[in-house]
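Now for the letters of each chain:
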Amino acid sequence: YREEDIKSVSLILKKLHNSPVVFFNNIDYFQEIRSYIEIIKSYNLDFPQFYGNYIQKLFEYEKEITIDNSLKVPCHNDPNIMNFIKTSEGFKIIDFEYSANGDYYWDLAYFSSNAKLNIKQDHSLLSAYFNIENPDNHKKFFLYKPITQMMSAIWARMQIALGNTIIKKEAL
């Protein structure tokens with residue numbers, strides 16, 4: 001990805017996060033993951049054996065990065081690369097199906113993970129968002145990255161449980 005595109009996406013997310021919009025619902029990312037796991041279990045679909053260690057580690061971070069509802073901002077919650085369209089006026093963000101008030105670090109980490117940004121690109125994303133040169137002190141961002149990946153994998157597993165034939169089992 002070009003650095004200017006990464007910066008543009010960062011600024012679009014920042015604009016959303018700073019907007020006066022207040023969604024009707026707040027999201028708790030860890031509770032969302034728990035609900036996906038319960039749906040999967042209710043369909044008697046197992047997880048691959050190695051998931052257990054990752055899921056356990058994921059919940060160890062919960063207390064460290066969960067925020068109070070009063071600090072939540074409007075979030076897209078699914079800012080994957082397919083939800084950004086480049087137009088002659090710049091990037092536009094689409095598909096607000098999962099939008100809710102949440103943690104802005106989630107949107108940044110989700111985009112980074114989905115776009116497979118490297119550390120230099122992560123720094124460009126964070127530098128543009130926070131308007132600083134050296135964005136090293138963003139622990140939540142780096143903790144959220146693997147959590148967003150795990151949530152996506154659990155979501156895909158849930159889609160299989162629900163009979164969504166678009167998801168390929170081999171991808172899991």
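An account of the accompanying structure is given in this report. (Residues numbered from 1 in each chain as written. Predicted model: local features only at pLDDT ≥ 70, side-chain atom pairs only at ≥ 80, totals over all residues. Heavy atoms only, no water.)

Attention shifts here to the pairing of strand E3 (residues 90-93). Here four bridges tie strand E2 (residues 84-87) to E3, and the two strands are oriented antiparallel to one another. Residue pairing for E3: Ile85 is matched across the bridge by Lys92. (Pairing = 2+ DSSP bridges. Helix = DSSP H or I, 4+ residues; strand = E, 2+ residues; numbered from the N terminus.)

A separate point is the environment of Gln121. Note that Gln121 resides in helix H6 (residues 119-130). The buried category is assigned to Gln121, whose relative accessible area is 15%. On a C-alpha basis, the gap between Gln121 and Lys7 in space is 9.3 Å, while along the polypeptide they are 114 residues apart. Sequence-distant contacts of Gln121, that is, excluding residues within four places in its chain, are made with Tyr1, Ile6 and Lys116. (Buried < 20%, exposed > 50% of the residue type's maximum accessible area, 1.4 Å probe, protein only. Contact = heavy atoms within 4.5 Å.)

Tallying each qualifying case throughout the model produces nine salt bridges. Ionic pairing is found between Glu4 and Arg2, a salt bridge with its closest N-O pair at 2.9 Å. The network of salt bridges with shared partners includes Arg2, Glu4, Asp5 and Lys86. (Salt bridge = Lys/Arg side-chain N within 4 Å of Asp/Glu carboxyl O.)

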